[in-house]
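Fold and geometry: a report
Spelled out from the first residue to the last, the chains are:
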Amino acid sequence: MNSENNISNRYDVLVVGFGPAGAVAAGMLGARGHSTLVVDRLTDIYDKPRAIAIDHEILRHFDNMGIADEVLRHTAPFTASQHFGAQGQLIRRIDMVPAPYPLGYTPSMVFTQPPVEAILRRHAESFDCVAVELGTEMVGLDQRVEEAVATLKDASGNIRTVTAKYVIGCDGASSRVRELSGMRLEDLVFDEPWLVVDVQVHDPTLAKLPQTSAQFCDPSRPTSYIMGPKNHRRWEIMLLPDENPREMEKPENVWRLLSPWLTPEEGELWRAAAYRFHALVADEWRRGRVLIAGDAAHQQPPFIGQGMCQGLRDVSNLVWRLDRVLKEQSSEALLDTYTVERKRHVQTLTGKIKAIGQMICERNPAAAAARDARILAEGDGKPLTITRQEIVPPIEEGLLAADGTPARGLLFPQPAIVEGASTRLLDRFTGPNWRLILDGRRIGAGEGEALVGGIDGIVIKAVAPEGEEAVDPAALREKDGVLSAWFDRHGAVAALVRPDHYVFGAAQNVQALRQQIADLHARLA
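Summary of the structure given here. The shown structure was predicted, so the numbers you read here are calculated from the model rather than taken from an experiment.

Moving on, we come to unusual backbone geometry. The phi torsion of most residues other than glycine is negative, and most of the peptide bonds are trans. Following Ala-99, the chain continues into Pro-100 via a peptide bond in cis, with omega recorded as 0 degrees. One can find Pro-100 in the loop between β6 (90-95) and β7 (108-111). Its identity is not glycine, yet Lys-230 carries a phi of approximately 55 degrees, on the positive side. Within the secondary structure layout, Lys-230 lies in the loop between β14 (223-227) and β15 (232-238). Note on Lys-230: relative accessible area 71%, which makes it exposed.

This part takes up the sheet that holds β6. Strand order in the open sheet made by the nine strands is β19-β16-β12-β15-β14-β13-β5-β6-β20, with mixed pairing throughout. Two strands lie at the open edges of the sheet, namely β19 (298-299) and β20 (384-387), each paired on one side alone. For β6 and β20, the ladder comprises four bridges, and the chain directions are parallel. Bridge pairing in β20 places Arg-93 opposite Thr-385.

Another aspect to go through is the pattern of salt bridges. Across all of its chains, the model carries 41 salt bridges by this definition. Across the salt bridge formed by Arg-344 and Glu-397, the nearest N and O atoms sit 2.9 Å from each other. Of this pair, Arg-344 sits in helix α10 (residues 336-360) while Glu-397 is found in the loop between α12 (388-391) and β21 (416-419), placing the two residues 53 residues apart along the sequence. The exposure class assigned to Arg-344 is partly exposed, which follows from its relative accessible area of 31%. Judged by its relative accessible area of 33%, Glu-397 falls in the partly exposed class. In the salt-bridge network here, residues are joined through shared partners; they are Arg-10, Asp-142, Arg-144 and Glu-147.

This part is about the packing of aromatic side chains. Within this structure, the stated rule accounts for 13 aromatic pairs. Each ring, one from Phe-216 and one from Trp-261, has its centre 5.8 Å from the other, and the planes form 50 degrees; the classification is tilted. With a gap of 45 residues between them, Phe-216 in strand β13 (residues 213-216) and Trp-261 in the loop between α8 (251-258) and β16 (267-282) connect regions that are remote in the sequence. Residue classification places Phe-216 among the partly exposed residues on the basis of a relative accessible area of 21%. Trp-261 sits in the buried class, given a relative accessible area of 16%. When the centroid spacing of 5.9 Å and the interplanar angle of 80 degrees are considered together, the rings of Phe-277 and Phe-303 count as edge-to-face. Here Phe-277 is found in strand β16, whereas its partner Phe-303 is found in the loop between β19 and α9 (307-326), with 26 residues between them in sequence. Accessibility assignment for this pair places Phe-277 and Phe-303 in one class, buried.

About the criteria used
- Residues numbered from 1 in each chain as written.
- Predicted model: local features only at pLDDT ≥ 70, side-chain atom pairs only at ≥ 80, totals over all residues.
- Heavy atoms only, no water.
- Helix = DSSP H or I, 4+ residues; strand = E, 2+ residues; numbered from the N terminus.
- Buried < 20%, exposed > 50% of the residue type's maximum accessible area, 1.4 Å probe, protein only.
- Pairing = 2+ DSSP bridges.
- Salt bridge = Lys/Arg side-chain N within 4 Å of Asp/Glu carboxyl O.
- Phe/Tyr/Trp six-rings, centres within 6.5 Å; stacked < 30°, edge-to-face > 60°.

So this is what it looks like as structure tokens:
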């Protein structure tokens with residue numbers, strides 16, 4: 001079956017799964033000119049919402065892809081989530097960081113998945129080097145020294161083989177790619193049964209519902225309430241030990257659970273699905289020429305809406321590495337840092353989400369009362385407000401400058417750059433490339449250019465606040481001082497920024513910058 005004569009096509013990358021992670025991976029690979037085949041066993045987009053939250057990091061990638069404006073038509077700001085204790089008292093708020101927004105977009109958003117997923121697919125399909133085959137399942141995978149051979153079966157049962165230099169499994173929680181490559185899931189010890197209910201609420205009823213998202217931490221029945229775009233409202237309702245998940249999906253039981261908020265006459269039931277909220281992470285994310293991303297690599301409880309965001313972080317982290325390896329700018333060793341970075345990030349964030357989930361899921365009334373008192377005590381008796389952005393961690397290890405380097409692993413800010421009477425975001429001037437961004441008040445682009453000649457495709461820009469003096473007269477001018485405040489906060493004059501917008505390191509002076517550049521050059525080889 002796998003003889004040379006039976007191999008029908010050869011590609012740089014085979015992407016298995018055409019959900020959000022697979023579509024973004026294919027689009028990013030297509031934009032970089034790599035021949036890519038995407039297969040998915042399903043023939044169409046699932047027409048019900050599953051993911052509901054995205055954040056400014058993901059919108060930044062969508063902007064880099066040229067689709068942010070399309071996506072934004074299907075989004076709305078994520079309202080603050082108010083946490084109510086066992087007695088119905090407000091105990092905490094989770095909100096977003098205030099304006100001016102550090103990445104140029106509303107930090108937390110809700111969205112409608114089916115039309116956004118269609119946008120992601122159209123973007124991937126727009127590249128001549130990307131081929132998409134729906135109704136096609138990968139049933140076999142064989143790794144060789146210089147390629148992987150995949151056996152594909154189409155909807156008619158026809159079998160053929162294709163080869164790819166690399167395979168990315170974006171094929172979901174029951175990933176066939178993960179299974180066939182021998183990667184295993186590690187249990188991070190969270191397993192709770194919940195019912196997720198989506199309703200299109202009729203206009204006259206919207207006013208009587210909560211006007212902000214909420215967590216009802218009632219030990220008798222913990223429940224989450226999320227305000228989606230327009231008339232979309234979601235309830236996530238914990239199921240009790242004696243309740244059959246399949247029975248609880250039935251409309252009569254769903255409406256009984258929703259009765260404290262609305263009646264069947266006040267909205268249209270869009271979806272009701274029982275899930276077990278898991279916390280799982282793959283032991284490995286790469287074996288040879290096979291890599292996994294998204295739900296294939298990790299699953300986590302949904303309590304701060306980071307599930308899909310994590311999958312898109314995976315592929316944005318992976319694709320620029322694959323791009324360099326496929327173009328022979330870096331060795332395959334660069335791919336090893338993919339697992340290091342993303343697994344650690346997922347473990348850290350999942351730990352934080354688990355802690356929030358365990359707080360919400362407390363079923364013991366005495367323990368719930370003690371929880372409420374403890375949370376209120378943290379705010380001296382008043383509800384504290386924390387931000388979703390402080391919950392999401394930086395990159396902690398991987399392709400980063402040495403420990404102790406300022407800003408290593410943080411997301412780099414994206415200020416609005418003044419351009420005549422209008423503004424454009426910084427990435428429009430640099431693209432999603434390796435960047436050396438300089439504090440234009442202290443150092444000029446010419447000095448930076450003299451230092452980084454050995455790094456392929458790096459972009460150098462100096463940025464200074466509008467109206468302030470700059471040592472570089474050609475420096476870009478930022479509107480709100482977001483970047484200058486960031487440089488001041490970190491005591492830095494320059495930052496080396498990766499294509500996925502994470503900071504390799506920030507330098508406090510030219511000598512430190514020279515050392516970081518030498519380190520980066522060696523590690524990208």
